[in-house]
There are 2 protein chains.
Amino acid sequence: MKPRLLTPGPTPAPEETLLELARPVTFHRSSQFRAVIKEVSEDLQYVFCTKQPVLTITASGTGAMEAAIANTVPPGGKAICLVSGRWGERWRNICKAFGVTVVEVKVPYGESVAPAALAAALKEHPDAAIVTSTLSETATGCRNDIKGFAEITRASEALLIVDGISGLGVMECRMDDWGIDVVVTGSQKALMLPPGLAFIGLSQRAWKRVDSLYQGPSAPKAFYFDIRKYRDNLAGNDTPFTPANTLVRALRLSLKRLRDEGIENCWKRYSRMARAARAAAAPLRLELYAKDPADGLTVYKVPEAVDGVAILGALEKDHGIRVAGGQDVLKGKIIRLAHMGYIDYFEVLAAVSALELTLPKFGHPVEPGAAVAACQRAYAGGA
Amino acid sequence: MKPRLLTPGPTPAPEETLLELARPVTFHRSSQFRAVIKEVSEDLQYVFCTKQPVLTITASGTGAMEAAIANTVPPGGKAICLVSGRWGERWRNICKAFGVTVVEVKVPYGESVAPAALAAALKEHPDAAIVTSTLSETATGCRNDIKGFAEITRASEALLIVDGISGLGVMECRMDDWGIDVVVTGSQKALMLPPGLAFIGLSQRAWKRVDSLYQGPSAPKAFYFDIRKYRDNLAGNDTPFTPANTLVRALRLSLKRLRDEGIENCWKRYSRMARAARAAAAPLRLELYAKDPADGLTVYKVPEAVDGVAILGALEKDHGIRVAGGQDVLKGKIIRLAHMGYIDYFEVLAAVSALELTLPKFGHPVEPGAAVAACQRAYAGGA
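### Quick look at helix α11 (residues 263–279) of chain B
Residue and element names in this part refer to chain B.
- End to end, α11 covers 24 Å across 17 residues, agreeing with the expected 24 Å (1.5 Å per residue, within 8%).
- Every buried residue belonging to α11 is among Ile263, Cys266, Trp267, Tyr270, Ser271, Met273, Ala274, Ala276 and Ala277, and all of these are buried.
- Buried-residue contacts for α11 involve α2 (31–48), α10 (245–261), β11 (297–301), β14 (334–338), α13 (345–358) and α14 (370–380).

### Quick look at the pattern of salt bridges
- In this structure the tally under the stated criterion is 53 salt bridges over all chains.
- Among the salt bridges present, the one from A:Arg231 reaches A:Asp211, with a minimum N-O distance of 3.0 Å. With A:Arg231 in helix α9 (residues 227–234) and A:Asp211 in helix α8 (residues 204–215), this pair connects stretches of sequence that are 20 residues apart.
- Put simply, B:Arg143 and B:Asp295 hold a salt bridge, and the shortest N to O gap is 3.0 Å. Here B:Arg143 is found in strand β7 (residues 142–143), whereas its partner B:Asp295 is found in the loop between α11 and β11, with 152 residues between them in sequence.
- Residue B:Arg143 is classed as partly exposed on the basis of its relative accessible area, which comes to 25%.
- Here the residues in one salt-bridge network are A:Glu39, A:Asp43, A:Arg252, A:Lys256 and A:Arg259, joined through shared partners.

### Quick notes on the domain arrangement of chain A
Residue and element names in this part refer to chain A.
- Assigned domains within chain A: domain 1 (4–8 + 263–380) and domain 2 (15–259).
- Using C-alpha coordinates to define each centre, domain 1 is positioned 28 Å away from domain 2.
- Each partner contributes residues to the interface: domain 1 has 25 residues there, and domain 2 has 29 residues.
- Summed over both sides, the interface between domain 1 and domain 2 buries roughly 2400 Å², with carbon and sulfur atoms accounting for 56% of that surface.
- If you sort the residues of domain 1 by the area they bury against domain 2, Ile263, Trp267 and Tyr342 come out on top, with a joint share of 28%.
- Joining domain 1 to domain 2, the criterion identifies 13 residue pairs in polar contact (both at pLDDT 80 or more).
- Listing elements by their share of the side of domain 1 that touches domain 2, those giving two or more residues are α11 (263–279), β11 (297–301) and β14 (334–338).
- Residues of the side of domain 1 that touches domain 2, tallied by class, amount to 16 nonpolar, three polar and six charged.

### With respect to the side chain of A:Thr239
Residue and element names in this part refer to chain A.
- As for its placement among the helices and strands, Thr239 is situated in the loop between α9 and α10 (245–261).
- We classify Thr239 as buried; its relative accessible area is 14%.
- Only 3.1 Å separates the side chain of Thr239 from the backbone oxygen of Phe241, close enough to count as a polar contact.

### Section: the confidence of the model for chain A
- Confidence in the prediction of chain A, expressed as mean pLDDT, is 97, and 99% of residues score 70 or more.
- We note a pTM of 0.97 for the whole complex and an ipTM of 0.96 for its interfaces.

### Overview of the sheet that holds β14(B)
All names here are of chain B.
- The strand order across the open sheet formed by three strands is β11-β14-β13, and the pairing between neighbours is antiparallel. Of all strands in the sheet, those with a lone pairing partner are β11 and β13 (324–325), marking the two edges.
- Of the pairings in the sheet, the one linking β11 to β14 comprises five bridges and is antiparallel in character. Bridge assignment links Lys301 to a residue of β14, and that residue is Ile334.

### Digging into the pairing of strand β10 (residues 197–202) of chain B
All names here are of chain B.
- Most of β10 sits inside the fold, with six of its six residues counted as buried.
- Side chains Leu197, Phe199 and Gly201 of β10 all project onto a buried face; the interleaved residues Ala198, Ile200 and Leu202 project onto the opposite face, where all are buried too.
- The pairing of strand β9 (residues 182–186) with β10 spans five bridges and is classified as antiparallel. Note on β10: the bridge partner recorded for Val184 is Ile200.

### A look at the interface of chain A and chain B
- On the chain B side, the residues contacting the 52 residues of chain A number 52 residues.
- Summing the contributions of chain A and of chain B, the shared interface buries around 3800 Å²; its carbon and sulfur component is 69%.
- Where chain A packs against chain B, one counts zero salt bridges.
- Remark: the boundary between chain A and chain B carries nine residue pairs in polar contact (both at pLDDT 80 or more).
- Sorting the residues of the side of chain A that touches chain B by element identifies α1 (15–21), α3 (61–70), α4 (86–97) and α10 of chain A as the ones contributing at least two each.
- In terms of residue count, the dominant contributor to the side of chain A that touches chain B is α4(A) (four residues).
- Considered class by class, the residues forming the side of chain A that touches chain B number 29 nonpolar, 17 polar and six charged.

### Brief notes about the sheet that holds β11(A)
- Read across the sheet, three strands follow the order β11-β14-β13 (chain A) without closing on themselves; strand pairing throughout is antiparallel. Unpaired on one side and paired on the other, β11 and β13 (324–325) of chain A mark the two borders of the sheet.

### Examining the environment of A:Arg336
All names here are of chain A.
- Topologically, Arg336 is positioned in strand β14.
- Arg336 sits in the buried class, given a relative accessible area of 5%.
- On a C-alpha basis, the gap between Arg336 and Tyr289 in space is 9.5 Å, while along the polypeptide they are 47 residues apart.
- Of the polar contacts made by the side chain of Arg336, one reaches the backbone oxygen of Gly325; its length is 2.7 Å.

### Some points on the packing of helix α5 (residues 115–124) of chain B against helix α6 (residues 146–153) of chain B
All names here are of chain B.
- At a minimum axis separation of 9 Å, α5 and α6 run at an interaxial angle of 25°. Classified by the angle between their axes, α5 and α6 sit roughly parallel to one another. The two elements α5 and α6 meet at a crossing, and its hand is right-handed. Of the residues in α6, those touching α5 at Pro115, Leu118, Ala119 and Leu122 are Gly148, Phe149, Ile152 and Thr153.
- Class assignment for the residues of the contact of α5 with α6 results in six nonpolar, two polar and no charged.

### Some thoughts on the relation of the copies chain A and chain B
- Expressed as a screw transformation, the operator carrying chain A onto chain B has a rotation angle of 180° and an axial translation of 0.0 Å, and the superposed copies differ by an RMSD of 0.0 Å. Each copy turns onto its partner about a two-fold axis.
- Both copies share a contact surface, since 98% of the interface residues of chain A are interface residues in chain B too.

### Comments concerning the side chain of B:Thr185
Residue and element names in this part refer to chain B.
- Looking at where Thr185 falls in the secondary structure, it is placed in strand β9.
- One polar contact links the side chain of Thr185 to the main-chain carbonyl oxygen of Gly164, over a distance of 3.1 Å.
- Of note is the side chain of Thr185, whose polar atom sits 3.4 Å from the backbone oxygen of Ile165.
- Those residues in contact with Thr185 that lie beyond four places of it in its chain are Phe48, Gly164, Ile165, Leu168, Leu191, Ala198 and Phe199.

Reading guide: rules and limits
- Residues numbered from 1 in each chain as written.
- Chains lettered and ligands numbered in written order.
- Predicted model: local features only at pLDDT ≥ 70, side-chain atom pairs only at ≥ 80, totals over all residues.
- Heavy atoms only, no water.
- Helix = DSSP H or I, 4+ residues; strand = E, 2+ residues; numbered from the N terminus.
- Expected span 1.5 Å × (residues − 1).
- Buried < 20%, exposed > 50% of the residue type's maximum accessible area, 1.4 Å probe, protein only.
- Contact = heavy atoms within 4.5 Å.
- Salt bridge = Lys/Arg side-chain N within 4 Å of Asp/Glu carboxyl O.
- Domains from an automatic or database assignment.
- Buried area = accessible area lost by both parts, 1.4 Å probe.
- Polar contact = N/O pair within 3.5 Å; in protein donor to acceptor, adjacent residues only side chain to side chain.
- Nonpolar A, V, L, I, M, F, W, Y, C, P; charged D, E, K, R; others polar.
- pLDDT = per-residue confidence, 0-100.
- Pairing = 2+ DSSP bridges.
- Axes fitted to C-alpha atoms, helices over the stretch in contact; angles between N-to-C directions.
- Parallel < 35°, antiparallel > 145°, perpendicular 65-115°, else oblique.
- Left-handed = near helix turned anticlockwise from the far one by under 90°.
- Least-squares fit on C-alpha atoms with pLDDT ≥ 70 in both.

So this is what it looks like as structure tokens:
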């Protein structure tokens, strides 16, 4: 059976990216590797829509999230955490681990945080040092209005920190133009690489905060995630610690692919695929979980009477289709179908087809052909 | 020209390990990947010579070093740092970044720290919470007497923390038998993988310290490097954060190779290769930099009159041989030839041959054949 990976991370990597990983290991302190760092760094700036340096950290995405917190807010400082799911909670948990006072602005799973809620929280807590947010809440499939958040934070002292791990490169997110202060992402989603690298970009305003924090009495206790080291080394196209250099070499190829297509074309393509995936919901007789869905994944509610965990198993066993279920309290209650990175429309169509074939076996009859046709009609509707 | 990588990290990876990295990306929350984690975890215990869990962190080796410090000693606590080079200094710098009081026991570059010096420091500072040490000081090529250190720390309250990044798997290091408390290593040396993963093992005594620290008033401010998360997830063959899972899959193959050979046979093989590399020094008219040399690399002093940076360039340009120079103050002053991981004797012989061919071009005449013959005689001398 032909396996197809449609989980919202890791996502498949292009063949030439994978083959690069099979090439011999090379030394990282060399002019050749410095040239790779330079090229990758410029292409990352393009993806982040920023003129500021984008730093590459060998870590899971959570590593870059920790770097964002540890370097911008001292213990005892205040964070407004916008929480619409598990990944918004991840920000909150990191803040708590670092002794940051958390003001939580929380919405029920499936909903997005309204900019007005942020405005109200900031009015009540004008001393907030940071605001954490999530571009695409991968746990629920919601998108958040980062542009709207930035309009509010720009006029305040608070830095806007964005988890772009499953959103950046998929949906419009203009770091400089919108005035976002910190954006983090990981290698295993839109950047079409296996997991292992995390990335962080900071605005000039954020860098001022970082540099003054380190000079003050509450200097961050950080070493591996002291992002000044990465910035200072990057100025010479170098890294502070032995990087996952074969992954960086491979990243170069994935970024070229992304750049050749053009970031705005990527956004359009993902949006079109997302519309197709959402159009399948009604004929599949499944509700969409997210009220304002993100473009990198589509989340279907599993009907009460259906075993959501067993469906995942059947999709993989019978059809080679690997999608994700819910995490924590959402386990068995949702199906998460990714359409980001190196996943194309025809794979989404395959997944919808497999759902159409599988759901009836779990006591949830659907009309054969209805969902794939709806998917196709939505896709044919154009970019 | 055929390139040969003989730097003390990264080191070459076996072909089957690299090819595994070219296989499609897979999902990490699956029974298949849990089986890989289980197998890798057991094989890591074998390499660490421990019955305790060995944790895999997606990070450079320095990430695991930070985890060792952040989880075992609170800010304001005291560390005795045994420093014989740049990597011993790395421990000291991490301690300082975390507000740990540092007692430095320092020897000149090229020398190893004597256990008696540790005993004296511990007598003077019986309140030391940890002792940091380096099995193989990659910056100078020295080995340190970890067994001797452990005999001293075992009888104290201080935990012995060992940087095994370029030493573990190369030289005898028996975590449980010797009574070492914390051992860290990285993927890109004896474990024959590209960089990107770091590993840490802790004794029961160290785990007690960790758990009590988190319960106390000086609970570590850690999230990504909160090693309890890794331990607790590993109990279910899982990971707390999206791991570099294709690297873990590849690690499985490298560890099998290591296990098939047997760790003690590995130690013997590296020792034999190291003797051969050291035997080349005299006929090359080069001094050995390390008084008590490690087995994973051999460090030759560059004579005053010779341009040590230019030699490195010529070795690579003319012969495809990539060795490393010195770092920081040692730049241009030493040549570091690695013989660890997937580097075999014949590559060491090639490097010695290339040195014999190259040194005369830099005003340092040597007798053709003398060094390769000496190398060969030492190697033929047996295991």
